[in-house]
Amino acid sequence: LEALAFCNHQAIPLTDSMSTKFNASIKHVSDKNRNPNNKANKEELKYIAQFKKDLATKQEIKPVVIEKRNQVQFYYPIETNTMCLQCHGTQIKPEVQKQILKLYPNDLAVGYGENEVRGIWSITFTKWKMKSKKWEVKRNYPSDKKMTKKVYIITGIGVVVGLLAGYLYYQE
(Lines give C-alpha, C1' and ligand atoms only; values in the text may rest on other atoms or scores of the structure.)
Protein backbone atom coordinates (compact mmCIF):
# COMPACT_ATOMS: atom_id res chain seq x y z
CA LEU A 1 0.00 0.00 0.00
CA GLU A 2 2.96 2.34 0.56
CA ALA A 3 4.04 2.12 -3.08
CA LEU A 4 0.50 2.89 -4.16
CA ALA A 5 0.35 5.91 -1.88
CA PHE A 6 3.69 7.10 -3.26
CA CYS A 7 2.54 6.78 -6.87
CA ASN A 8 -0.73 8.54 -6.12
CA HIS A 9 0.71 11.47 -4.16
CA GLN A 10 4.38 11.80 -5.05
CA ALA A 11 4.98 10.57 -8.61
CA ILE A 12 3.64 13.61 -10.45
CA PRO A 13 5.39 16.19 -8.20
CA LEU A 14 8.59 14.14 -8.55
CA THR A 15 8.42 14.02 -12.36
CA ASP A 16 7.50 17.72 -12.40
CA SER A 17 10.53 18.60 -10.27
CA MET A 18 12.76 16.46 -12.47
CA SER A 19 11.24 18.14 -15.55
CA THR A 20 12.18 21.51 -14.11
CA LYS A 21 15.65 20.41 -13.07
CA PHE A 22 16.47 18.88 -16.48
CA ASN A 23 14.45 21.41 -18.50
CA ALA A 24 12.48 18.58 -20.09
CA SER A 25 8.96 17.23 -20.43
CA ILE A 26 8.85 13.89 -18.63
CA LYS A 27 5.87 11.58 -18.96
CA HIS A 28 5.25 8.04 -17.81
CA VAL A 29 2.59 6.69 -20.21
CA SER A 30 0.94 3.38 -21.03
CA ASP A 31 -1.52 1.71 -23.36
CA LYS A 32 -3.10 0.33 -20.17
CA ASN A 33 -3.00 3.39 -17.95
CA ARG A 34 -3.98 3.59 -14.32
CA ASN A 35 -4.15 7.36 -14.12
CA PRO A 36 -6.10 8.89 -17.04
CA ASN A 37 -3.38 11.57 -17.28
CA ASN A 38 -0.88 8.84 -18.22
CA LYS A 39 -2.67 7.62 -21.33
CA ALA A 40 -0.26 7.24 -24.25
CA ASN A 41 -0.85 9.34 -27.36
CA LYS A 42 -0.80 7.93 -30.91
CA GLU A 43 2.97 8.24 -31.36
CA GLU A 44 3.72 6.82 -27.90
CA LEU A 45 1.39 3.87 -28.59
CA LYS A 46 3.46 3.10 -31.68
CA TYR A 47 6.64 2.79 -29.60
CA ILE A 48 4.94 0.80 -26.85
CA ALA A 49 3.75 -1.67 -29.51
CA GLN A 50 7.25 -1.83 -31.01
CA PHE A 51 8.87 -2.47 -27.61
CA LYS A 52 6.32 -5.23 -26.90
CA LYS A 53 6.99 -6.80 -30.29
CA ASP A 54 10.76 -6.67 -29.75
CA LEU A 55 10.39 -8.28 -26.33
CA ALA A 56 8.07 -11.00 -27.70
CA THR A 57 10.54 -11.85 -30.48
CA LYS A 58 13.44 -11.88 -27.98
CA GLN A 59 15.12 -8.85 -29.56
CA GLU A 60 17.03 -6.38 -27.45
CA ILE A 61 14.79 -3.48 -26.48
CA LYS A 62 16.63 -0.25 -27.14
CA PRO A 63 15.57 3.25 -26.18
CA VAL A 64 14.52 5.42 -29.12
CA VAL A 65 15.90 8.90 -29.76
CA ILE A 66 14.29 11.12 -32.39
CA GLU A 67 15.54 14.58 -33.28
CA LYS A 68 12.81 16.97 -34.48
CA ARG A 69 13.58 20.58 -35.29
CA ASN A 70 14.66 22.05 -31.97
CA GLN A 71 13.66 19.06 -29.83
CA VAL A 72 14.85 15.60 -28.97
CA GLN A 73 12.24 12.97 -28.11
CA PHE A 74 13.37 10.02 -26.00
CA TYR A 75 11.31 6.84 -25.48
CA TYR A 76 12.45 4.37 -22.83
CA PRO A 77 10.51 1.14 -22.15
CA ILE A 78 9.26 0.30 -18.67
CA GLU A 79 9.48 -3.44 -18.08
CA THR A 80 7.70 -5.17 -15.23
CA ASN A 81 9.49 -6.92 -12.40
CA THR A 82 8.23 -8.66 -9.26
CA MET A 83 7.87 -5.36 -7.40
CA CYS A 84 5.63 -3.95 -10.18
CA LEU A 85 3.40 -7.01 -10.08
CA GLN A 86 2.25 -6.24 -6.53
CA CYS A 87 0.03 -3.53 -8.06
CA HIS A 88 0.08 -4.39 -11.79
CA GLY A 89 0.05 -8.19 -11.86
CA THR A 90 -2.61 -10.88 -11.88
CA GLN A 91 -2.40 -11.81 -8.17
CA ILE A 92 -2.95 -8.47 -6.44
CA LYS A 93 -3.77 -8.61 -2.71
CA PRO A 94 -7.42 -7.75 -2.04
CA GLU A 95 -6.59 -4.76 0.18
CA VAL A 96 -4.27 -3.37 -2.51
CA GLN A 97 -6.87 -3.96 -5.23
CA LYS A 98 -9.50 -2.19 -3.12
CA GLN A 99 -7.25 0.84 -2.66
CA ILE A 100 -6.32 0.92 -6.38
CA LEU A 101 -9.98 0.97 -7.37
CA LYS A 102 -10.70 3.65 -4.77
CA LEU A 103 -7.96 5.89 -6.19
CA TYR A 104 -8.37 4.89 -9.84
CA PRO A 105 -11.90 3.65 -10.56
CA ASN A 106 -11.13 3.21 -14.29
CA ASP A 107 -7.84 1.36 -13.76
CA LEU A 108 -6.52 -0.56 -16.77
CA ALA A 109 -2.96 -1.17 -15.54
CA VAL A 110 -3.33 -4.77 -14.32
CA GLY A 111 -2.86 -8.28 -15.66
CA TYR A 112 0.86 -8.06 -16.33
CA GLY A 113 3.42 -10.80 -15.91
CA GLU A 114 7.10 -10.42 -15.17
CA ASN A 115 9.32 -8.94 -17.92
CA GLU A 116 6.53 -7.34 -19.95
CA VAL A 117 6.43 -3.81 -21.33
CA ARG A 118 4.04 -1.88 -19.09
CA GLY A 119 4.58 1.51 -20.69
CA ILE A 120 7.29 3.99 -21.55
CA TRP A 121 9.06 7.07 -20.32
CA SER A 122 8.41 9.75 -22.92
CA ILE A 123 10.93 12.53 -22.43
CA THR A 124 11.27 15.64 -24.58
CA PHE A 125 14.31 17.92 -24.42
CA THR A 126 14.67 21.27 -26.11
CA LYS A 127 17.89 21.09 -28.15
CA TRP A 128 19.20 24.57 -27.51
CA LYS A 129 18.79 24.12 -23.79
CA MET A 130 20.50 20.75 -23.97
CA LYS A 131 23.40 22.31 -25.89
CA SER A 132 23.95 24.78 -23.08
CA LYS A 133 24.07 21.94 -20.53
CA LYS A 134 26.25 19.68 -22.68
CA TRP A 135 28.22 22.31 -24.57
CA GLU A 136 31.58 20.65 -24.06
CA VAL A 137 30.39 17.41 -25.68
CA LYS A 138 28.66 19.22 -28.55
CA ARG A 139 31.75 21.37 -29.12
CA ASN A 140 34.09 18.38 -29.16
CA TYR A 141 31.91 16.29 -31.48
CA PRO A 142 30.02 18.75 -33.73
CA SER A 143 29.67 16.39 -36.70
CA ASP A 144 29.23 13.12 -34.82
CA LYS A 145 25.47 12.45 -34.66
CA LYS A 146 26.02 9.15 -32.83
CA MET A 147 27.86 10.98 -30.05
CA THR A 148 25.10 13.60 -29.84
CA LYS A 149 22.47 10.86 -29.56
CA LYS A 150 24.55 9.13 -26.87
CA VAL A 151 24.57 12.35 -24.86
CA TYR A 152 20.78 12.58 -25.09
CA ILE A 153 20.36 8.90 -24.20
CA ILE A 154 22.67 9.21 -21.22
CA THR A 155 20.86 12.34 -20.05
CA GLY A 156 17.47 10.66 -20.56
CA ILE A 157 18.58 7.58 -18.67
CA GLY A 158 19.90 9.90 -15.94
CA VAL A 159 16.42 11.38 -15.62
CA VAL A 160 14.85 7.92 -15.40
CA VAL A 161 17.45 6.76 -12.87
CA GLY A 162 16.82 9.94 -10.88
CA LEU A 163 13.11 9.20 -10.85
CA LEU A 164 13.71 5.63 -9.74
CA ALA A 165 16.15 6.76 -7.04
CA GLY A 166 13.54 9.20 -5.79
CA TYR A 167 10.95 6.45 -5.80
CA LEU A 168 13.19 4.14 -3.76
CA TYR A 169 14.10 6.97 -1.39
CA TYR A 170 10.44 7.69 -0.67
CA GLN A 171 9.78 3.98 -0.14
CA GLU A 172 12.01 3.84 2.93
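Quick caveat: nothing in here was measured; it's all calculated off a predicted structure.

Rules used in this analysis
- Residues numbered from 1 in each chain as written.
- Predicted model: local features only at pLDDT ≥ 70, side-chain atom pairs only at ≥ 80, totals over all residues.
- Heavy atoms only, no water.
- Pairing = 2+ DSSP bridges.
- Helix = DSSP H or I, 4+ residues; strand = E, 2+ residues; numbered from the N terminus.
- Axes fitted to C-alpha atoms, helices over the stretch in contact; angles between N-to-C directions.
- Buried < 20%, exposed > 50% of the residue type's maximum accessible area, 1.4 Å probe, protein only.
- Contact = heavy atoms within 4.5 Å.

Draft legend 1. Looking closely at the sheet that holds strand E4 (residues 117–126). With respect to topology, four strands assemble into an open sheet ordered E1-E4-E3-E2, the strand pairing being antiparallel. Each edge of the open sheet carries a strand with a single partner, namely strand E1 (24–29) and strand E2 (64–68). Each neighbouring strand pair of the sheet contributes to a mean axis angle of 15°, computed without reference to strand direction.

Draft legend 2. Structural view of unusual backbone geometry. Even without a glycine there, the phi angle at Lys58 is positive, about 60°. Among the secondary structure elements, Lys58 is positioned in the loop between helix H3 (42–56) and E2. For Lys58, a relative accessible area of 76% translates into the label exposed. Residue Asn115 is not a glycine yet carries a positive backbone phi of 60°.

Draft legend 3. Up close: the side chain of Asp54. Topologically, Asp54 is positioned in helix H3. Contacts of Asp54, omitting those with residues within four sequence positions, involve Gln59, Glu60 and Ile61.

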